[in-house]
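Residue strings, one per chain:
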Amino acid sequence: MLSMKTLTDDMLVASYAQGNNEAFDELLARHQTRIYNYILMMVKDEDVANDVFQDTFAKVITTVKQGRYTESGRFAAWLTRIARNLIIDMFRQEKTQPHVSADSAEYDVLNRREFSDGTVEDEMVDLQIRDDVRALLRRLPDTQRRVLVMRYYRNLSFKEIAATTGVSINTALGRVRYAILNMRRMAAECNIELTR
């Protein structure tokens, strides 16, 4: 009989999915320090880090038990992505809650989040949005993807896009419009927020 320590992560996931709790214990032992340290580095609070850590492995348990784990050979990266997404969700939720300053009893007009420098949380959310936009771009038909890249990444005018693609300006406008509508639809279907 093979020792749990000699099995790959994916072998352990498969074993756990079949009811072997020792396989999960080994996965936890292998990854808990790295994942916890990653979370703590991002949230900078031990209590919050513990909560996110527990939520991360709770999501792993749910996903594996429901037979939805498909990241073959990339368990560690998948685990980190779950933790990152939970952190982003937590920061998004905090942003929607009112911000009250303890600096003074009176309301300070300049003490507002939108006037402050960017935070690690803002950078993480922005990074997630950019990743989501790239993923949605890849799912667009080639003609729509090309015009969006030309318009928003290369800053070409609609006249330049029309000339480059050999179509009329109206067609170029239409393709950009349909590409944006398709991205919005796909984002809604996938529950992706494209703004912070």
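First, a word on scope: everything that follows refers to the structure included in this document.

Conventions we followed
Residues numbered from 1 in each chain as written. Predicted model: local features only at pLDDT ≥ 70, side-chain atom pairs only at ≥ 80, totals over all residues. Heavy atoms only, no water. Helix = DSSP H or I, 4+ residues; strand = E, 2+ residues; numbered from the N terminus. Buried < 20%, exposed > 50% of the residue type's maximum accessible area, 1.4 Å probe, protein only. Contact = heavy atoms within 4.5 Å. Salt bridge = Lys/Arg side-chain N within 4 Å of Asp/Glu carboxyl O. Core = buried A, V, L, I, M, F, W, Y, C linked by side-chain atoms within 4.5 Å. Phe/Tyr/Trp six-rings, centres within 6.5 Å; stacked < 30°, edge-to-face > 60°. Lys NZ or Arg CZ within 6 Å of the ring centre and 35° of its normal. Arc of directions from axis to C-beta. Axes fitted to C-alpha atoms, helices over the stretch in contact; angles between N-to-C directions. Parallel < 35°, antiparallel > 145°, perpendicular 65-115°, else oblique. Nonpolar A, V, L, I, M, F, W, Y, C, P; charged D, E, K, R; others polar. 1 Å grid on protein atoms, 1.4 Å probe; cavity = no way out; pocket = protein on both sides within 12 Å on 5 of 7 lines; lining within 4 Å. Points joined across faces, edges and corners; volume = space filled by probe spheres on them.

For the rest of this paragraph, the subject is the overall build of the protein chain. In terms of regular secondary structure, the protein chain is built from eight helices and zero strands. The helix and strand sequence of the protein chain, counted from the amino end, reads α-α-α-α-α-α-α-α. Here the protein chain, with 196 residues, has 34% of them falling under the buried criterion. Within the protein chain, counting contacts between residues at least 6 apart in sequence, those at least 24 apart form 57% of the total.

A separate point is the pattern of salt bridges. One pass over the full model with this rule turns up seven salt bridges. One salt bridge connects R145 with D142, and the closest N-O pair in it is separated by 3.1 Å. On the criterion of helical spacing, the pair formed by R145 and D142 is a turn pair, its members being three residues apart in helix α6 (residues 142–153). Look at R145 and you get partly exposed, because its relative accessible area is 25%. Given the relative accessible area of 46%, D142 is considered partly exposed.

The next thing to look at is the nonpolar core. Among the nonpolar cores identified, the biggest contains 33 residues, and I39, V60, F75 and I87 are the most heavily contacted of them. When residues of this core are traced back to their parent elements, those giving at least two are α1 (9–17), α2 (21–43), α3 (46–65), α4 (75–96) and α5 (120–139). Contact partners of I39, with chain neighbours within four places excluded, come to K44, A49, V52, F53, T56, A83 and I87. The next biggest cluster of nonpolar side chains, apart from the first, holds 15 residues, and it includes L156, I161, M183 and A187.

All told, the structure shown has seven aromatic pairs when counted by the stated rule. Each member of the aromatic cluster is reached from another via a ring pair, and the members are Y16, F24, Y36, F53 and F57. A cation over a ring is seen here: K65 above Y16, with NZ or CZ 4.3 Å from the ring centre.

Let us look at helix α7 (residues 158–165). Along α7, the positions that sit buried rather than exposed are I161, A162 and T165. In an axial view of α7, the angular spread of the buried residues amounts to 100°, which keeps them on one side of the axis. Away from its buried face by more than 90 degrees, α7 exposes K159 and A163.

Interaxial distance between α1 and α3 falls to 9 Å at its minimum, and their mutual angle equals 70°. Classed by the angle they form, the pair α1 and α3 counts as roughly perpendicular. Across the interface between the two elements, V13, Y16 and A17 of α1 pack against I61, V64 and K65 of α3. For the contact of α1 with α3, the class distribution of residues is five nonpolar, no polar and one charged.

What follows concerns the layout of surface pockets. Of the volumes computed, that of the largest pocket is approximately 580 Å³. If you go around the largest pocket, you meet 22 residues; those closest to its centre are K59, R81, N85, D89 and Q128. The element best represented in the lining of the largest pocket is α4, accounting for nine residues. Class assignment for the residues of the lining of the largest pocket results in seven nonpolar, five polar and ten charged.

Where α6 contacts helix α8 (residues 169–189), the two axes come as close as 9 Å, and the packing angle between them is 100°. The angle between α6 and α8 places the two elements in the roughly perpendicular class. Across the interface between the two elements, T143, Q144, V147, L148 and Y152 from α6 touch R175, V176, Y178, A179, I180, N182 and M183 from α8. Tallied by class, the residues present in the contact of α6 with α8 amount to eight nonpolar, three polar and one charged.

Of all the positions in α1, only D9, L12, V13, S15 and Y16 are classed as buried. Angularly, the buried residues of α1 cover 165° about the axis, an arc narrow enough to put them on a single face.

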